[in-house]
Amino acid sequence: MRTSQPIRREDALVLAHYYVPDAVQAAADFVGDSFALARKAKESGKPVIVFCGVSFMGESAKILCPEKQVFLPAADAHCAMADMASEEEIRSMRETVPDLAVVTYINSSARLKALSDVIVTSSNAVKVVSRLKEKNIYFIPDKNLGAHVAAQLPEKKFYFGSGYCPIHNATTAEEVRAAQGAHPNALLLAHPECPEAVRALAAYVGSTAGIISYAEKSRADEFLVGTEAGTLYELRRRCPDKKFYVTRSTFLCEDMKKITPEALECVFAGEGTPVEVPERIAAKARIALDRMLELGA
Ligand code: 13P
Ligand code: SF4
């Protein structure tokens with residue numbers, strides 16, 4: 001169904017995450033991790049943003065840029081972790097723990113962001129939390145990223161949500177050891193959404209952009225990649241002489257794979273539905289997102 005006017009390519013900034021299909025990454029104006037994509041959206045001078053990613057990414061862009069039209073090529077592409085925290089849990093923590101900051105991973109619904117003091121991504125969480133004046137940190141929803149951040153900030157007291165990414169959290173130390181057996185010279189580069197036992201085996205733990213940059217600068221020439229397989233496209237593009245393997249053949253986020261080249265074409269044909277976030281939610285979520293842009297810079 002046609003829900004908007006056809007969009008002229010020159011009016012749009014096409015943003016893509018590293019997990020979407022290779023052909024969509026190739027068609028985008030900019031490919032990045034969640035933090036870089038949020039910044040690009042905010043800085044864009046174009047009236048339209050086409051966000052090739054899951055719904056929390058499009059929502060965040062719309063919250064940061066209310067004057068722009070934002071489209072998601074696959075409106076039903078959602079992050080499984082985005083609702084793994086509740087308003088009741090946040091309220092109860094605020095009532096019982098003094099001097100508390102509610103720190104919410106960007107992989108969350110707009111509703112959760114609106115209840116938060118600040119938003120973080122995997123690439124800026126340590127920096128942002130270290131700059132907060134509060135001693136007590138309630139980190140939601142991702143328990144794995146939360147534990148990774150807490151380990152680097154012993155001066156803070158952390159309370160964790162119970163959320164997780166079903167895809168990253170399913171990675172085990174045993175499967176990593178098996179992959180290391182097959183590729184004994186490969187360094188493990190892991191996303192912080194992986195469990196502690198996997199992060200402990202890694203030469204580097206960081207965001208998708210951090211993993212790509214580490215591999216590019218490293219003297220090593222073989223890597224095991226502990227994140228979604230779409231990241232291999234940019235790794236191989238930037239480092240054609242190095243070898244990359246994912247820790248498991250099924251390291252795939254099905255929702256990110258819904259963003260096909262055909263779905264992208266449909267947005268330009270005027271068949272996309274613009275992202276809308278009610279202003280009573282967006283106004284509060286914007287404060288928390290803007291605080292991330294300021295503290296995480
Ligand atoms: P990055 O911000 O590291 O790109 O991660 C986003 C994500 O969804 C990881 O699963
Ligand atoms: Fe969400 Fe996991 Fe997919 Fe990332 S890989 S978008 S955390 S479900």
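First things first, this report covers the structure right here in the doc. (Residues numbered from 1 in each chain as written. Chains lettered and ligands numbered in written order. Predicted model: local features only at pLDDT ≥ 70, side-chain atom pairs only at ≥ 80, totals over all residues. Heavy atoms only, no water.)

### So, the site of ligand 1
For ligand 1, the full set of nearby residues is His17, Tyr19, Asp33, Ser34, Asn107, Ser122, His168, His191, Glu193, Ser207 and Thr208. For ligand 1, the protein covers 96% of the area, taking 310 Å² as the surface of the free molecule. In this structure the site holding ligand 1 corresponds to the largest pocket. Within the shell around ligand 1, the residues separate by chemical class into 1 nonpolar, 8 polar and 2 charged. (Near = heavy atom within 4 Å. Areas by Shrake-Rupley, 256 points an atom, 1.4 Å probe, with all protein chains shown as cover. 1 Å grid on protein atoms, 1.4 Å probe; cavity = no way out; pocket = protein on both sides within 12 Å on 5 of 7 lines; lining within 4 Å. Sits in = over half its atoms within 2 Å of the grid points. Nonpolar A, V, L, I, M, F, W, Y, C, P; charged D, E, K, R; others polar.)

### Section: the sheet that holds strand β2 (residues 30–32)
Paired through backbone hydrogen bonds, the strands of a sheet run either parallel or antiparallel to each other. Read from one edge of the open sheet, 4 strands run β2-β1-β3-β4, paired in parallel fashion. The strands lining the two open edges of the sheet, one partner per strand, are β2 and β4 (69–71). Between one strand axis and the next, the sheet turns through 20 degrees on average, direction left out of account. Sheet topology places strand β1 (residues 12–17) next to β2; 3 bridges connect them, and they run parallel. Following the sheet pairing, Ala16 is matched in β2 by Val31. (Pairing = 2+ DSSP bridges. Helix = DSSP H or I, 4+ residues; strand = E, 2+ residues; numbered from the N terminus. Axes fitted to C-alpha atoms, helices over the stretch in contact; angles between N-to-C directions.)

### A short note on the site of ligand 2
In the vicinity of ligand 2, the residues found are Tyr19, Cys79, Ala80, Met81, Asn107, Cys165, Ile167, His168, Glu193, Cys253 and Met256. Spatially, ligand 2 is embedded in the largest pocket. For the shell around ligand 2, the class distribution of residues is 8 nonpolar, 2 polar and 1 charged.

### Focus: the layout of surface pockets
Reported here for the largest pocket is a volume of approximately 300 Å³. For the lining of the largest pocket, the secondary-structure elements that each account for two or more residues are α3 (55–64) and α8 (166–169). Among the elements that take part in the lining of the largest pocket, α8 stands out by supplying 3 residues, more than any other. (Points joined across faces, edges and corners; volume = space filled by probe spheres on them.)

### A word on the pattern of salt bridges
This structure, assessed with the given rule, holds 17 salt bridges. Linking Asp11 and Arg8 is a salt bridge whose minimum nitrogen-to-oxygen distance equals 3.0 Å. Using a relative accessible area of 22% as the deciding quantity, one classes Asp11 as partly exposed. Across the salt bridge formed by Lys258 and Asp255, the nearest N and O atoms sit 3.1 Å from each other. (Salt bridge = Lys/Arg side-chain N within 4 Å of Asp/Glu carboxyl O. Buried < 20%, exposed > 50% of the residue type's maximum accessible area, 1.4 Å probe, protein only.)

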